[in-house]
Amino acid sequence: MIRQKEKYRQFKEWQHQPHQVAPLSEEEHECATCGTHFEGNYCPRCGQSARIGRYSFKKAFLLFLDVWGVGNRGMFRSIRDLLLRPGYMIRDYLRGMQMAYFPPFKMFFLLFTLSILVETGLNIKGINRMKQNEEEAHVIAKEVSNTISTKDDQAKTQEKKAEEKADKKLSVKEEKKEDLTVSEGKRMFERMKKEAKRIGNEIDKWCDNHMSFVELILVLLFSWPLWLLIRHSPAIPDLRLSECFVAMVYISNMFTIYSLIPEFLCLSLKAEIIFSISTLILAVIAIKQLSGFSYLNTIWRMIVALVPFFFLIVFLIVVGYLLLLLYAYIKFS
């Protein structure tokens, strides 16, 4: 028990400790590229490392990774620190320690690409999980649509009964006039609905094909209300909105790293959703470490920030739908 407490204490100390840069070498080197004589780890003229030796399989593998942007120690260090000390790492990056860690947006797109590769076959079973999840989601959506359709049928039957009662009270001439106006209005409304649905489907396809940009937009929308609540935090008293956005991109990268676990193990869609929801607690830890607030203050700030975030999403959806209807009305009027 005492050893475990001591190890936990050492781990907490390591979490707070920023990245330590290796000391300069006092050995004299001659750069193999430009012939400059220098002391240190890198050539001051061309930037080549002083540790240039013969090729090995390890060096060839690192060069292969470097083609994809992950061949430097900054990427692996960033992944390690995002898993073990996310908030402290983000704070160090915002304070200027940018050479020690991988850039957040470049990391975002690389991890997103890796996630797509894992979902399309680079997993433990070698299967295309995107199609499998689409089939499971289609089954769930079909069940939901069936329940909704039954309710719609009931509502339609009630509407028909009400229309029949109203029709009995109308005269023959008025009935004919009303049928003409109603049929024309219905036809126009149906054409508007079809056009709006067609454009909506195209927008959905675009969002499916550009999920990385959609996710960045959602991160930006959430960063604004969260920034209003943590901009005067104990750790960073003058936090900027742009810095909060960068921090949220790093936290999104952390979620992507954890999401690779169920994707690689080919867990079911329900298990993957449960795992993703359970990892939300990691955002509390990251923001708590970043801001310096207590866990209680961090939790209530995150909950309050979710309210305007959801209102913004609903507002954008409603405005987009109204614009689609307006476009369809102008087109068919």
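What you see is a predicted model, and the numbers here were worked out from it, not measured in a lab.

Colleague: So what about the layout of surface pockets? Which residues, and what values?
Modeller: Reported here for the largest pocket is a volume of approximately 1800 Å³. The wall of the largest pocket is formed by 43 residues, among which Met211, Glu215, Leu218, Phe255 and Ser276 lie closest to the centre. Elements that contribute at least two residues to the lining of the largest pocket include exactly helix H5 (104-119), helix H6 (129-169), helix H7 (172-209), helix H8 (211-230), helix H9 (241-265), helix H10 (269-278), helix H11 (281-291) and helix H12 (295-332). Residues that form the lining of the largest pocket fall into these classes: 28 nonpolar, 9 polar and 6 charged.

Colleague: Break down the packing of helix H4 (residues 86-94) against H9 for me, with residues and values.
Modeller: Relative orientation and spacing of two packed helices are given, respectively, by the angle between their axes and the distance between those axes. Where H4 meets H9, the closest approach of the two axes is 10 Å, and the angle between their N-to-C directions is 140°. When the axis of H4 is compared with that of H9, the two are oblique. Read as a crossing pair, H4 and H9 show a hand that is right-handed. Only Glu243, Val246, Ala247, Tyr250, Ile251 and Met254 of H9 make contact with H4, whose side of the interface consists of Pro86, Met89, Ile90, Tyr93 and Leu94. For the contact of H4 with H9, a count of residues per class yields 10 nonpolar, no polar and 1 charged.

Colleague: Please give an account of H8 that cites residues and values.
Modeller: Taking 1.5 Å as the rise per residue, H8 with 20 residues should run 28 Å; its terminal C-alpha atoms sit 28 Å apart, in good agreement. Along H8, the helix axis deviates most sharply at Trp224, where the bend reaches about 30°; the proline Pro225 sits within four residues downstream. Turning to H8, its buried residues number three or more, namely Ser212, Val214, Leu216, Val219, Leu221, Phe222, Ser223, Pro225, Leu226, Trp227 and Ile230.

Colleague: Pulling in residues and values, what's your account of the packing of aromatic side chains?
Modeller: Under the defined criterion, the tally for this structure stands at 8 aromatic pairs. Centroid distance Phe109 to Phe213: 6.0 Å. Interplanar angle 55°. Geometry classified as tilted. In this pair, Phe109 sits in helix H5 while Phe213 sits in helix H8, placing the two residues 104 residues apart along the sequence. Overall, the relative accessible area of 33% leaves Phe109 in the partly exposed class. A relative accessible area of 44% places Phe213 in the partly exposed class. Note on Phe309 and Phe310: the rings are 5.6 Å apart at their centroids and 50° apart in plane angle, and the pair reads as tilted. In textbook terms, an aromatic cluster arises when at least three aromatic residues are bridged by ring pairs, as seen for Phe108, Phe109, Phe112 and Phe213. Seen from the ring of Trp14, Arg85 lies directly overhead, with NZ or CZ sitting 6.0 Å from the centre.

Quick notes on the rules
Residues numbered from 1 in each chain as written. Predicted model: local features only at pLDDT ≥ 70, side-chain atom pairs only at ≥ 80, totals over all residues. Heavy atoms only, no water. 1 Å grid on protein atoms, 1.4 Å probe; cavity = no way out; pocket = protein on both sides within 12 Å on 5 of 7 lines; lining within 4 Å. Points joined across faces, edges and corners; volume = space filled by probe spheres on them. Helix = DSSP H or I, 4+ residues; strand = E, 2+ residues; numbered from the N terminus. Nonpolar A, V, L, I, M, F, W, Y, C, P; charged D, E, K, R; others polar. Axes fitted to C-alpha atoms, helices over the stretch in contact; angles between N-to-C directions. Parallel < 35°, antiparallel > 145°, perpendicular 65-115°, else oblique. Left-handed = near helix turned anticlockwise from the far one by under 90°. Contact = heavy atoms within 4.5 Å. Expected span 1.5 Å × (residues − 1). Bend = angle between axes of the 7 residues up to and from the residue. Buried < 20%, exposed > 50% of the residue type's maximum accessible area, 1.4 Å probe, protein only. Phe/Tyr/Trp six-rings, centres within 6.5 Å; stacked < 30°, edge-to-face > 60°. Lys NZ or Arg CZ within 6 Å of the ring centre and 35° of its normal.

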